[in-house]
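The chain contents come next:
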Amino acid sequence: MLDFNTYLMRHGEPWIQDILERIERNEGIRHESPVPLEDRWEALMRNYPVQTPTLAA
């Protein structure tokens, strides 16, 4: 799982918020009340299928 704090230190809060909003919009995820970025990040990382890249032969 990708670490929230590592990405926060590297890219900043606006970048993480933008990425989360794009993923949630594409997946149709809506929140009834405000949810902290770290909780949203963890929920997506826990439930999102990790795809390993495949190499072309």
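Look above for the structure.
Every chain's residues receive numbers from 1 upward, in the order its sequence appears when written. Owing to the predicted nature of the model, reporting of local features is limited to residues with pLDDT of at least 70; listing and counting of side-chain atom pairs is limited to 80 or more, with chain, interface and lining totals taken over all residues. Heavy atoms throughout the structure, all of them, feed into the side-chain values; hydrogens and water do not.

**So, the pattern of salt bridges**
Rules: A pairing counts as a salt bridge when a side-chain nitrogen of Lys or Arg comes within 4 Å of a carboxyl oxygen of Asp or Glu. Numbering of helices and strands runs from the N terminus, with a helix taken as a DSSP run of H or I at least four residues long and a strand as a DSSP run of E at least two residues long. Whether a residue is buried, partly exposed or exposed follows from its accessible area with a 1.4 Å probe, protein chains only, as a fraction of its type maximum: under 20%, in between, or over 50%, in that order.
Applying the stated criterion across every chain, the model contains three salt bridges. Across the salt bridge formed by R22 and D18, the nearest N and O atoms sit 2.9 Å from each other. Pair noted here: R22 and D18 are both in helix α2 (residues 13-27), with a separation of four residues, about one helical turn. By relative accessible area, which is 48% here, R22 ends up partly exposed. Overall, D18 belongs to the partly exposed group, its relative accessible area being 31%.

**Here's the deal with helix α3 (residues 37-47)**
Inclusion rule: This arc is taken over the directions from the axis of the helix to the C-beta atoms. Contacts are assigned to residue pairs that have any heavy atoms within 4.5 Å of one another.
Burial in α3 covers these residues: L37, R40, W41, L44 and M45. End-on, the buried residues of α3 take up no more than an arc of 125 degrees, which puts them together on one face. Set apart from the buried face of α3 by more than 90 degrees, the exposed residues are R46 and N47. Considering only its buried residues, α3 is in contact with α1 (4-11) and α2.

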